[in-house]
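Overview (structure and organization)
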Amino acid sequence: MSDDSTIVVRPAHSVRGVVRIPGDKSISHRYAMLAAIAEGTSRFHNFSAARDCASTLDCVAKLGCEWKRSNDADGAIEVPGIGPRLKAPTETLDCGNSGSTMRMLSGILAGQPFTSELCGDDSLSRRPMARIMTPLSEMGAKILSSEGGRPPLKIQGGPLKAIHYMPEVASAQVKSCVLFAGLFADGETVVEEPIRTRDHGEIALRAFGAEVERKGNASRIVGGQRLHAIEAHVPGDLSSAAFFLCAAALFPGSQITLPGILMNPTRARLLDILMQMGLGVAVAHLESQQGELVGTIEARGAEWKGTAIAGADTAALIDEIPVLAAVAPYSSGGLEVRDGKELRVKESDRIAAVAANLRKMGAEIEERPDGMKIPGNQRLHGAELDSFGDHRIAMAFAIAALRAEGETTIHGADAAGVSYPAFFRDLESIATS
Ligand code: S3P
């Protein structure tokens, strides 16, 4: 790395080794938030090292919950819960780059008897919040945005009433936000999704002792339930593992082992798609930890084929599409992504960012309003790329660079720390030149 935010990636011939992937970001956010409103002290091992999760912990601290990192070797996070009623913050809650922090914490803040303000960085300030403002307002909270549905937000919490909410977008953040608010509501709150999204909110609520019923695409929670502290090991983040799996897919004969990875079926569709595309995948040591399925992934590179991703698959793979797209030109059949309008409102416009970087590497790509089509059998060359301030774009193109001709420079590479601070070190440890 030449400075804090520029990195040079050289071509590799293979990848081989074991990577210990940090704790899942989605689960870590939810654990920290629910632990804050639980009774007793929770302890989390392998809590995500992501900057996004540090944003959640900072917010939780400003709400009166004095979490700390334990002194023992594994540096577990200890969160002394203060029960359902948090302390009114004396300053703005800075959610940094984290949409999850802002959207899910809003659900809890909507039920508090005080006003709070939430802000974020430039990227988060461009992201849509109407999707949580609408249901929380229906429940009785007052939410103001001076920016037409974008951050900063001002939330005047108070007594909430239960709703039956049918979101237009398939979003697990929205579902968790409304279910968390449902804890503070009078009656039974239901979220009925258009497509089933990741269910870490429901699983975490149950782990903390709440009853959450799920039937089909509807999740229900009755308000007034008390949460109780837990001790949990956070499984390795499958969305972070995806980068190494795609690296293995690039080189026939490569072999990597990823122990303790989240295998929750609402996230693991990625493995089916990678197998369809030719990656050899075996999962061993399956077990359940606090209701979440965990296993060790063994992956072997073979022939890399193409595929198409659409509908519910696009929603299930929304965080992995940047890396799948970045390595698609090297496949024999290419990649088509449809129904991915949401990709345009992530940490960056991920369709535009992928297209810009692939073109700089000499690839052909057809950009569409809600997706892209990338032909296969292309040869890419090293280039000067931009992360667009987006962690997944920085990491996706580090993987694409492994098979390019010549060196690739990625500006703004420190964005990777938003979800995976040790990413480049771990990548270096498995890439052989
Ligand atoms: C997340 C849900 C997804 C995903 C994000 C994490 C979560 O966002 O892209 O990285 O933890 O619930 P949406 O809810 O906006 O689809």
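Structure: see above.
What comes next concerns the included structure. (Residues numbered from 1 in each chain as written. Predicted model: local features only at pLDDT ≥ 70, side-chain atom pairs only at ≥ 80, totals over all residues. Heavy atoms only, no water.)

As a further point, take unusual backbone geometry. Residue P152 is reached from P151 by a cis peptide bond, and omega for that bond is 5 degrees. Inspection of the secondary structure assignment puts P152 in the loop between β8 (142–145) and β9 (153–156). One non-glycine residue, N377, lies in positive phi territory at about 55 degrees. Counting through the fold element by element, N377 comes out in the loop between β23 (371–374) and β24 (384–386). (Helix = DSSP H or I, 4+ residues; strand = E, 2+ residues; numbered from the N terminus.)

Attention shifts here to the layout of surface pockets. Taken as a whole, the largest pocket encloses approximately 900 Å³ of empty space. Lining the largest pocket are 44 residues, with A170, S171, A315, I318 and K346 sitting closest to its centre. Among the secondary structure elements, those contributing two or more residues to the lining of the largest pocket are α1 (25–36), α3 (99–109), α6 (172–182) and α10 (312–316). Broken down by element, the lining of the largest pocket gets its largest block of residues, five residues, from α10. The residue inventory of the lining of the largest pocket, partitioned by class, reads 11 nonpolar, 12 polar and 21 charged. Both domains that furnish three or more residues to the lining of the largest pocket are identified here as domain 1 (6–22 + 235–432) and domain 2 (25–233). Of the volumes computed, that of the second largest pocket is approximately 340 Å³. Of all the secondary structure elements, the ones that give two or more residues to the lining of the second largest pocket are β1 (6–9), α14 (423–430) and β26 (431–432). Classifying every residue of the lining of the second largest pocket gives 10 nonpolar, two polar and two charged. (1 Å grid on protein atoms, 1.4 Å probe; cavity = no way out; pocket = protein on both sides within 12 Å on 5 of 7 lines; lining within 4 Å. Points joined across faces, edges and corners; volume = space filled by probe spheres on them. Nonpolar A, V, L, I, M, F, W, Y, C, P; charged D, E, K, R; others polar. Domains from an automatic or database assignment.)

Before going further, it helps to examine the pairing of strand β13 (residues 188–192). The pairing of strand β11 (residues 164–165) with β13 spans two bridges and is parallel. The partner of Y165 across the bridge, within β13, is V191. (Pairing = 2+ DSSP bridges.)

Side-chain pairing between opposite charges can occur once the charged atoms of the two side chains come close. With the rule as written, the count across this model stands at 32 salt bridges. Close ionic contact of D313 with R269 constitutes a salt bridge, the shortest N to O distance being 2.7 Å. Linking D313 in helix α10 with R269 in helix α9 (residues 269–276), this pair joins segments that are 44 residues apart in sequence. Judged by relative accessible area, D313 falls into the buried class, the value being 19%. Across the pair E405 and R379 runs a salt bridge, and its minimum N-O distance is 2.8 Å. (Salt bridge = Lys/Arg side-chain N within 4 Å of Asp/Glu carboxyl O. Buried < 20%, exposed > 50% of the residue type's maximum accessible area, 1.4 Å probe, protein only.)

The next subject is the packing of aromatic side chains. The final tally for this structure, using the stated rule, is eight aromatic pairs. Relative to Y420, the ring of F244 has its centre 6.0 Å away and its plane inclined at 70 degrees; by these criteria the two rings are edge-to-face. On the criterion of sequence distance, the pair formed by F244 in helix α8 (residues 238–249) and Y420 in the loop between β25 (408–411) and α14 is long-range, its members being 176 residues apart. Under the relative-accessibility criterion, F244 is labelled buried at 0%. Relative to F423, the ring of Y420 lies with its centre 5.6 Å away and its plane at 70 degrees, an arrangement referred to as edge-to-face. Summarising the burial analysis for this pair, Y420 and F423 share the class buried. (Phe/Tyr/Trp six-rings, centres within 6.5 Å; stacked < 30°, edge-to-face > 60°.)

Glancing now at α8. When the terminal C-alpha atoms of α8 are compared, their 16 Å separation across 12 residues agrees well with the 16 Å that a helix rising 1.5 Å per residue should span. Counting buried residues along α8, 12 of its 12 residues qualify, which places the element largely inside the surrounding structure. Taken as a whole, α8 has its buried residues at L238, S239, S240, A241, A242, F243, F244, L245, C246, A247, A248 and A249. (Expected span 1.5 Å × (residues − 1).)

The strand order across the open sheet formed by three strands is β1-β25-β24, and the pairing between neighbours is mixed. Here the strands that pair on one side only, and so sit at the sheet edges, are β1 and β24. On average, each strand axis in the sheet is tilted by 25 degrees relative to the strand beside it, whichever way the strands run. Relative to β25, β24 is paired through three bridges, and the arrangement is parallel. Looking at the pairing, L385 lines up with I410 of β25. (Axes fitted to C-alpha atoms, helices over the stretch in contact; angles between N-to-C directions.)

This part covers the packing of α3 against helix α5 (residues 130–139). Running from N to C, α3 and α5 point in directions that differ by 5 degrees, and their axes come no closer than 10 Å. In terms of orientation, α3 and α5 fall into the roughly parallel class. Listed contacts from α5 to M102, R103, S106 and G107 of α3 are R131, I132 and L136. Tallied by class, the residues present in the contact of α3 with α5 amount to three nonpolar, two polar and two charged. (Parallel < 35°, antiparallel > 145°, perpendicular 65-115°, else oblique. Contact = heavy atoms within 4.5 Å.)

Keep in mind these values describe shape, not function.
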